[in-house]
Amino acid sequence: MLAAQINPAAVSVLALPTKRIFVEPRQSDQMRMGGSDRQDDDGDETKAAASVLDSDLAALARSRLMIGTTPLSELKPPNARPMWMRFEEDGIVQNRMYRTTSLWRVRVTFALKEGRSIHALEMDEWGRLKAMFPKEVCARLAWNATHDGEVKPVARLFDPNGRAELLLFRSRCHGHAVDVLHNLTDGGPVFQPLWISDIMRLHPLLGIKLVRDEAFNSAAPISILLDRDNSAS
């Protein structure tokens, strides 16, 4: 059973039980290259990027997507099907079928840690990834990733045939993951980092076919959503 539905129109007053929210601090402020009084050399840039990547990977490793009260990784419905992936790794385009996204996450992690290029081109169905994460949305998510704190949701994903809703805030791991506020977990909306592959996996695994709300526009920054304790005290 999904948690309460998220109302984008009232997102600034969304009642978020803080104990249910996973919030992982980023290191992008400390590692940001702009505004420095000195010119950072290539070694400093490499170390800074590696530190942010390590922080993102650690946050994702501690974050488990719960569907109702069950971890996504433990769900094995009889009608589930593998997820098709089309991706480019070191300039070579490949197609794979994944029964679990954990294998894809391992592949991405090793590639990024080794400084190699890997880009998801398609997931689940042809054209679906680009429809949910078009270039302009990815660019805004990437911009938010360099501005901690006062960032606004960039996009809304929802299930036209159900109650599932996700608000996307910022990207992580070179665009392979995003910070999300969602209602997939029992007990109230949850804010946590998620792999995009896990979001796309909801369709072939559970039949939850999310689409992007092309009319979505929110002016509420993330701090309004996360400061419920301060306003209640």
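Before reading further, recall that the structure is shown in the block above.
In this text the structure is predicted, and so the values were computed from the model without any measurement. (Residues numbered from 1 in each chain as written. Predicted model: local features only at pLDDT ≥ 70, side-chain atom pairs only at ≥ 80, totals over all residues. Heavy atoms only, no water.)

1. Things to note about helix 3 (residues 101-113)
In step 1: Its 13 residues place the ends of helix 3 18 Å apart at the C-alpha level, agreeing with the 18 Å of an ideal helix rising 1.5 Å per residue.
In step 2: Residues of helix 3 that are buried: Thr 101, Trp 104, Val 108, Ala 111 and Leu 112. Projected onto a plane normal to the axis of helix 3, the buried residues spread over an arc of 95 degrees and lie on a single side. Exposed and facing more than 90 degrees away from the buried side of helix 3 are Leu 103 and Phe 110.
In step 3: Gly 115 sits one or two residues past helix 3 and shows a positive phi near 75 degrees. (Helix = DSSP H or I, 4+ residues; strand = E, 2+ residues; numbered from the N terminus. Expected span 1.5 Å × (residues − 1). Buried < 20%, exposed > 50% of the residue type's maximum accessible area, 1.4 Å probe, protein only. Arc of directions from axis to C-beta.)

2. Quick word on the sheet that holds strand 10 (residues 211-212)
In step 1: Within the open sheet, the 5 strands sit side by side as 9-8-7-6-10. Their pairing is antiparallel. A single partner strand is all that each edge strand has here, and the edge strands are strand 9 (190-195) and strand 10.
In step 2: Summarising the sheet, strand 7 (residues 165-172) and strand 8 (residues 177-182) pair through 6 bridges and their orientation is antiparallel. Opposite Arg 170, over in strand 8, you have Asp 179 as the bridge partner.
In step 3: Lying on the sheet, helix 5 (residues 135-145) is in contact with strand 6 (155-158), strand 7, strand 8 and strand 10; it crosses strand 7 at an angle near 60 degrees. (Pairing = 2+ DSSP bridges. Contact = heavy atoms within 4.5 Å. Axes fitted to C-alpha atoms, helices over the stretch in contact; angles between N-to-C directions.)

3. Description of the packing of aromatic side chains
In step 1: The final tally for this structure, using the stated rule, is 4 aromatic pairs.
In step 2: An angle of 65 degrees between the planes, with centres 6.2 Å apart, marks the rings of Tyr 98 and Trp 104 as edge-to-face.
In step 3: Each residue in the set Phe 87, Tyr 98 and Trp 104 is aromatic and connected to the rest through ring pairs, giving one cluster. (Phe/Tyr/Trp six-rings, centres within 6.5 Å; stacked < 30°, edge-to-face > 60°.)

4. Notes on the nonpolar core
Here is a general trend for soluble globular proteins: nonpolar side chains tend to be buried in one another's company.
In step 1: Membership of the largest hydrophobic core comes to 41 residues, with the highest contact counts inside it found for Phe 133, Leu 168, Ile 199 and Leu 210.
In step 2: A total of 5 residues in this core trace back to one element, the largest contributor, which is helix 6 (residues 196-206).
In step 3: For Leu 210, the contacting residues outside a window of four places in its chain are Arg 128, Met 132, Leu 157, Phe 158, Asp 159, Ala 164, Leu 166, Ile 199 and Leu 202.
In step 4: Within the second largest apolar cluster, 6 residues are counted, among which are Val 151, Leu 167, Phe 169 and Leu 181. (Core = buried A, V, L, I, M, F, W, Y, C linked by side-chain atoms within 4.5 Å.)

5. A word on the sheet that holds strand 4 (residues 92-98)
In step 1: Ordered in space as 4-3-5, the 3 strands form an open sheet in which the pairing is antiparallel. With partners counted over all chains shown, the strands left at the sheet margins are strand 4 and strand 5 (118-123), one partner each. Averaged over all adjacent pairs, the angle separating strand axes in this sheet is 25 degrees, with direction ignored.
In step 2: Inspection of the sheet shows strand 3 (residues 83-89) paired to strand 5 by 5 bridges, in the antiparallel sense. In the strand pairing of strand 5, Met 85 is matched with Met 123.
In step 3: On top of the sheet, helix 3 reaches strand 3, strand 4 and strand 5; it is set at about 155 degrees to strand 5, its chief contact.
In step 4: In the packing of helix 6 onto the sheet, contacts are made with strand 3, strand 4 and strand 5, and the angle to strand 3 comes to roughly 150 degrees.

6. Some details on the pattern of salt bridges
In step 1: Per the stated rule, a full pass over the model turns up 15 salt bridges.
In step 2: A salt bridge links Lys 209 to Glu 125, with the nearest nitrogen and oxygen atoms 3.0 Å apart. Here Lys 209 is found in the loop between helix 6 and strand 10, whereas its partner Glu 125 is found in the loop between strand 5 and helix 4 (128-132), with 84 residues between them in sequence.
In step 3: For Lys 209, a relative accessible area of 34% corresponds to the partly exposed category.
In step 4: Where Glu 165 meets Arg 156, a salt bridge forms, and the shortest distance between an N and an O atom there is 2.8 Å. For the pair formed by Glu 165 and Arg 156, the shared burial category is buried.
In step 5: Each of Glu 89, Asp 90, Arg 107, Glu 114 and Arg 116 takes part in one network of salt bridges that share partners. (Salt bridge = Lys/Arg side-chain N within 4 Å of Asp/Glu carboxyl O.)

Keep in mind these values describe shape, not function.
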